[in-house]
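# Structural features, examined
Residue-level listing of the chains:
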Amino acid sequence: MDKEGNIFGRKNKQGDGTFSVSLTPNGEGVKIRGTTAGKYVAMNENGNLYAQDNPNSDEVLFIENFESDYFQYESKKYHKWYLGIRKNGKPKKGHKTRSRQRATMWLKQSPS
């Protein structure tokens, strides 16, 4: 996510655009926050990813699943829709994602 809140993917680890994942206090899911923009990743009813200022919106809640050495983030509001980024770096619509697709598999890294 850049400073304007555009969500994208890239192959290198350099530069802005990193995310932090935090568990909600009541344990109902995780929220993913862009460290540069300070906004949260959200998914709307069309399956589009967007940057949300409101951390209390139900569209920013995701369920973190561990699958085959990777993490997947399923929308809590829109079941079976996953956070996904295509090879070209553009977000994949939630209704076009499935569990175990490459676009929906994420690795966590420690901040360096």
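Residues numbered from 1 in each chain as written. Predicted model: local features only at pLDDT ≥ 70, side-chain atom pairs only at ≥ 80, totals over all residues. Heavy atoms only, no water.

## Remarks on a positive patch on the surface
Residues Arg86, Lys90, Lys93 and Lys96 make up a contiguous surface patch of positive charge. Position of lysine 90 relative to the elements: it lies in the loop between strand S7 (84-85) and strand S8 (91-92). (Patch = residues over 30% accessible without salt bridge, like charges linked within 9 Å, V, L, I, M, F, W, Y side chains within 5 Å. Areas by Shrake-Rupley, 256 points an atom, 1.4 Å probe, with all protein chains shown as cover. Salt bridge = Lys/Arg side-chain N within 4 Å of Asp/Glu carboxyl O. Lys, Arg positive; Asp, Glu negative; His and termini not counted. Charge placed at Lys NZ, Arg CZ, Asp CG, Glu CD. Helix = DSSP H or I, 4+ residues; strand = E, 2+ residues; numbered from the N terminus.)

## Quick look at the pairing of strand S5 (residues 62-67)
Sheet analysis places S5 next to strand S6 (residues 70-75), joined by six bridges and oriented antiparallel. In the sheet register, isoleucine 63 faces S6, and the bridge partner there is glutamate 74. Between the end of S5 and the start of S6, which pair antiparallel, lie two residues, with serine 68 showing a positive phi angle near 50 degrees. (Pairing = 2+ DSSP bridges.)

## Considering the environment of leucine 23
With respect to the element layout, leucine 23 can be found in strand S1 (residues 19-23). Here the alpha-carbon distance between leucine 23 and glutamate 64, two residues 41 residues apart in the chain, equals 9.2 Å. In contact with leucine 23, not counting residues within four places along its chain, are Gly29 and Val30. (Contact = heavy atoms within 4.5 Å.)

## Topic: the side chain of threonine 104
Of note, threonine 104 is situated in the segment after S8. Once residues within four sequence positions are removed from consideration, threonine 104 is found in contact with Phe71, Gln72, Tyr82, Leu83, Gly84, Thr97 and Arg98.

## Quick word on the packing of aromatic side chains
Tallied over the entire structure, the rule returns two aromatic pairs. Taking 5.3 Å as the distance between ring centres and 25 degrees as the angle between the ring planes, the aromatic pair formed by tyrosine 78 and tryptophan 81 counts as stacked. In this structure tyrosine 78 comes out as buried when scored by relative accessible area, which is 14%. (Phe/Tyr/Trp six-rings, centres within 6.5 Å; stacked < 30°, edge-to-face > 60°. Buried < 20%, exposed > 50% of the residue type's maximum accessible area, 1.4 Å probe, protein only.)

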